[in-house]
Amino acid sequence: MKTRSVIKATENEPVALEGLYLIGNAAQMYSPSTQNQGVMTEDMLQEQEEIFFKLGESEEAQKIRARMQSGPLISDMQAFKAANEGCCLEDFVRWHSPRDWIPEDGEEDSKSRFGQLSQRFQIPGNLWQTCWNESEPKNVVDQKPLFHFVKEAEKILHYLETISPVELTKQLIAVGFSTIYGSLECQTVSSIPPVKTAFEKLTLKFRSVDWLDYESIVENIENIQSALALVEVKVYQSKSLFLKFPNDPLLVSNLLREDETIVPIEKRENIMSIFTNRQGKMPIPDAKEFIFKTSEENNSLSPFFRMYLLATDMEFRTAFSYVVPVE
């Protein structure tokens, strides 16, 4: 069964609903073209919440809130009435919300003209019945727009003209950090355990900041910058390592956790291939370094000796240290 959520009609051109007929005159039921509700920005939602909060919690306030949110419903009702002459609320519900239409006993097809509305529609003076009684047949092109593009654009321009430097800075910082976070999170390596851990720590720092409070942002900005820098390093280190070891995610994870790791014997040949040329030989080094030191197995009371050597084509350096333990 096709409902309003899946029907695509051209403007002001109703689409026949197969197998659905009006209860009153058995005429073909049509799905009308309807309005898009439009988008609501964070500012618009906040403004709406403030209005609802000021209304209070009384029964009358609840009715007013319901009426304020019924614009899309009334618009759909007007369009449906214009496309289906002689229709009733039950017909509209069968199109708009089929699950609220209960066929008569023995009837399993929700397209049936015989049945009743669900329990929530049986309450006297319910919102749907009130809106249906007040709505007039109007095609979508003749209706009042649900989203006022010019009005909302003027409000945005006014906001930008009157915004304070502090508020602008606060928003730019929040947008900048969230953009950086998003660009790093979409990297293919973000699921690697060490990278994922860094992201989790960064997320906790993001959540600890009150982005509506400028002082909170200033107080935590250095911590967030440090966390972002760590995530960036982990992301690009992992990408670099995966280019060298594309089939060894465990090795990449271990190297990201520590500066060094133990490589199994069977994998060492792959590691060596990174440092050798096409003939399998190591390149000629620019310098050679040697370190000699006393074995750790020696007695702790034995003298400790350490010697460092550096040899290049142009120089030779040596340094040594000798420590005698005091008994």
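Scroll up a little and you will see the structure.
Everything in this summary refers to the structure shown in the same document. For clarity, every value in this text was computed on a predicted model and none was experimentally measured. (Residues numbered from 1 in each chain as written. Predicted model: local features only at pLDDT ≥ 70, side-chain atom pairs only at ≥ 80, totals over all residues. Heavy atoms only, no water.)

1. Some words on the overall build of the chain
Then step 1. A count of helices and strands for the chain gives 11 helices and 7 strands.
Then step 2. Taking 20 Å as the expected radius of gyration for a compact globule of 327 residues, we find that the chain reaches 36 Å, considerably beyond that expectation.
Then step 3. Principal axes of the C-alpha set define a box for the chain whose edges measure 105 × 50 × 40 Å.
Then step 4. For the chain, the residues scored as buried account for 27% of the 327 residues in total.
Then step 5. Residue pairs at least 24 apart in sequence account for 50% of intrachain contacts in the chain once pairs closer than 6 positions are excluded. (Helix = DSSP H or I, 4+ residues; strand = E, 2+ residues; numbered from the N terminus. Rg over C-alpha atoms; globule rule 2.2 N^0.38 Å. Buried < 20%, exposed > 50% of the residue type's maximum accessible area, 1.4 Å probe, protein only. Contact = heavy atoms within 4.5 Å.)

2. Some remarks on the pattern of salt bridges
Then step 1. All told, the structure shown has 6 salt bridges when counted by the stated rule.
Then step 2. In this structure, Arg 317 engages Glu 315 in a salt bridge whose closest nitrogen and oxygen atoms are separated by 2.9 Å.
Then step 3. Glu 315 sits in the partly exposed class, given a relative accessible area of 34%. (Salt bridge = Lys/Arg side-chain N within 4 Å of Asp/Glu carboxyl O.)

3. Topic: the sheet that holds strand β5 (residues 287-293)
Hydrogen bonds between backbone groups are what pair the strands of a sheet, and the pairing can be parallel or antiparallel.
Then step 1. The strand order β5-β6-β7 describes an open sheet built from 3 strands, whose pairing is antiparallel. Each edge of the open sheet is held by one strand with a lone partner, namely β5 and β7 (316-323). Averaged over neighbouring strand pairs, the angle between their axes works out to 5 degrees when direction is ignored.
Then step 2. Relative to β7, strand β6 (residues 304-312) runs antiparallel, the two being bridged by 8 bridges. Residue pairing in the sheet places Phe 305 in a bridge with Tyr 322 of β7. (Pairing = 2+ DSSP bridges. Axes fitted to C-alpha atoms, helices over the stretch in contact; angles between N-to-C directions.)

4. Regarding helix α1 (residues 42-55)
Then step 1. The terminal C-alpha atoms of α1, which comprises 14 residues, lie 20 Å apart, in line with the 20 Å expected from a rise of 1.5 Å per residue.
Then step 2. Just downstream of α1 lies Gly 56, where phi reads positive at about 90 degrees. (Expected span 1.5 Å × (residues − 1).)

5. A few points about the packing of aromatic side chains
Describing an aromatic ring pair means giving the distance of the ring centres and the angle of the ring planes.
Then step 1. Tallied over the full model, the rule gives 13 aromatic pairs.
Then step 2. An angle of 40 degrees between the planes, with centres 5.8 Å apart, marks the rings of Phe 92 and Trp 132 as tilted. Of the two residues, Phe 92 is situated in helix α4 (residues 89-96) and Trp 132 in helix α5 (residues 127-134); the sequence distance between them amounts to 40 residues. Taken as a pair, Phe 92 and Trp 132 share a single burial class, namely buried.
Then step 3. Chaining the aromatic ring pairs together yields one cluster made of Phe 80, Phe 92, Trp 95, Phe 121, Trp 128 and Trp 132.
Then step 4. Positioned above the aromatic ring of Trp 128 is the side chain of Arg 120, whose terminal nitrogen or guanidinium carbon lies 5.6 Å from the ring centre. (Phe/Tyr/Trp six-rings, centres within 6.5 Å; stacked < 30°, edge-to-face > 60°. Lys NZ or Arg CZ within 6 Å of the ring centre and 35° of its normal.)

6. Digging into the packing of helix α7 (residues 165-185) against helix α8 (residues 193-207)
Then step 1. With their axes 12 Å apart at the nearest point, α7 and α8 run at an angle of 160 degrees to one another. As judged from the angle between their axes, α7 and α8 are roughly antiparallel. The two elements α7 and α8 cross, and the hand of that crossing is left-handed. Here Phe 177, Ser 178, Tyr 181, Leu 184 and Glu 185 of α7 come into contact with α8, specifically with Phe 199, Leu 202, Thr 203 and Phe 206.
Then step 2. Of the residues contributing to the contact of α7 with α8, the split by class is 6 nonpolar, 2 polar and 1 charged. (Parallel < 35°, antiparallel > 145°, perpendicular 65-115°, else oblique. Left-handed = near helix turned anticlockwise from the far one by under 90°. Nonpolar A, V, L, I, M, F, W, Y, C, P; charged D, E, K, R; others polar.)

7. Regarding helix α3 (residues 71-83)
Then step 1. Here α3 is 13 residues long and its end C-alpha atoms lie 19 Å apart, about the 18 Å a rise of 1.5 Å per residue gives.
Then step 2. On its buried face, α3 is in contact with β2 (28-31), α4 and α5.

8. As for a negative patch on the surface
Then step 1. A cluster of acidic residues, Asp 210, Asp 213, Glu 215 and Glu 219, forms a negative patch at the surface.
Then step 2. Tracing the backbone through its elements, the reader meets Glu 219 in helix α9 (residues 214-244). (Patch = residues over 30% accessible without salt bridge, like charges linked within 9 Å, V, L, I, M, F, W, Y side chains within 5 Å. Areas by Shrake-Rupley, 256 points an atom, 1.4 Å probe, with all protein chains shown as cover. Lys, Arg positive; Asp, Glu negative; His and termini not counted. Charge placed at Lys NZ, Arg CZ, Asp CG, Glu CD.)

9. A few points about the nonpolar core
Then step 1. Counting 25 residues, the largest nonpolar core has Phe 199, Leu 202 and Val 231 as its most contacted members.
Then step 2. Contributing elements (two or more residues each) for this core: α7, α8, α9 and α10 (249-257).
Then step 3. The biggest single contributor to this core is α9, with 8 residues.
Then step 4. With sequence-adjacent residues up to four places away left out, Leu 202 is seen in contact with Tyr 181, Ile 224, Ala 227, Leu 228 and Val 231. (Core = buried A, V, L, I, M, F, W, Y, C linked by side-chain atoms within 4.5 Å.)

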